[in-house]
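The lines below spell out each chain.
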Amino acid sequence: MMTLGLFDQFMSPVFLGIPLILIALSLPWILFPRPTAHWLDDRLLALQGHFVNSFTQQILQSVNPKGHKWAVLFMTLMLLLVTLNTLGLLPYTFTPTTQLSLNMALAAPLWLA
């Protein structure tokens, strides 16, 4: 029988000695499109471009033209949150957005800006 402390629920989960938060935060960089010297893009790059364009259109529809300068920030934040929350669907993985520290680290600078 294993006894748990009061604050053990806040520990980051570890799988095979690797903290899952590191894997969750590195996944967007793995999926980041790499520039190629080809004339035509491959299917993955075309699909990523389609999603980026549709996300940008959805975000900028409700923003006035002066707010379009924030498009890159909103798009980056949207892709980060979608990627991190999608990781929560995998078994034995940890969704970093459940931690208050990550939410506050994203919310405070955006609110101040």
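Residues numbered from 1 in each chain as written. Predicted model: local features only at pLDDT ≥ 70, side-chain atom pairs only at ≥ 80, totals over all residues. Heavy atoms only, no water.

Some words on the environment of T98
Right, so step 1: Among the secondary structure elements, T98 is positioned in the loop between α3 (71–87) and α4 (100–112).
Right, so step 2: Taking the C-alpha atoms as reference points, T98 and G88, 10 residues apart in sequence, are found 9.7 Å from one another.
Right, so step 3: In this structure the side chain of T98 is engaged in a polar contact, spanning 2.8 Å, whose partner is the backbone oxygen of T95. (Helix = DSSP H or I, 4+ residues; strand = E, 2+ residues; numbered from the N terminus. Polar contact = N/O pair within 3.5 Å; in protein donor to acceptor, adjacent residues only side chain to side chain.)

Concerning the packing of helix α2 (residues 43–60) against α3
Right, so step 1: One way to put it is that α2 packs onto α3 with a least axis distance of 10 Å and a crossing angle of 115°. The element α2 and its partner α3 pack so that their crossing is right-handed. Where α2 abuts α3, its residues F51, V52, F55, T56, I59 and L60 lie against A71, F74, M75, M78 and L79.
Right, so step 2: Its residues assigned to classes, the contact of α2 with α3 comprises 10 nonpolar, one polar and no charged. (Axes fitted to C-alpha atoms, helices over the stretch in contact; angles between N-to-C directions. Left-handed = near helix turned anticlockwise from the far one by under 90°. Contact = heavy atoms within 4.5 Å. Nonpolar A, V, L, I, M, F, W, Y, C, P; charged D, E, K, R; others polar.)

So, the side chain of T97
Right, so step 1: Here T97 shows up in the loop between α3 and α4.
Right, so step 2: Apart from the residues lying within four places of it in its own chain, the contact partners of T97 are L81, L84, N85, L102 and N103.

Some points on the environment of L60
Right, so step 1: Locating L60 in the fold gives a position in helix α2.
Right, so step 2: Judged by relative accessible area, L60 falls into the buried class, the value being 17%.
Right, so step 3: For the pair L60 and W70, spaced 10 residues apart in the sequence, the C-alpha separation amounts to 9.2 Å.
Right, so step 4: Every residue in contact with L60, bar those within four places of it in the chain, is listed here: H68 and A71. (Buried < 20%, exposed > 50% of the residue type's maximum accessible area, 1.4 Å probe, protein only.)

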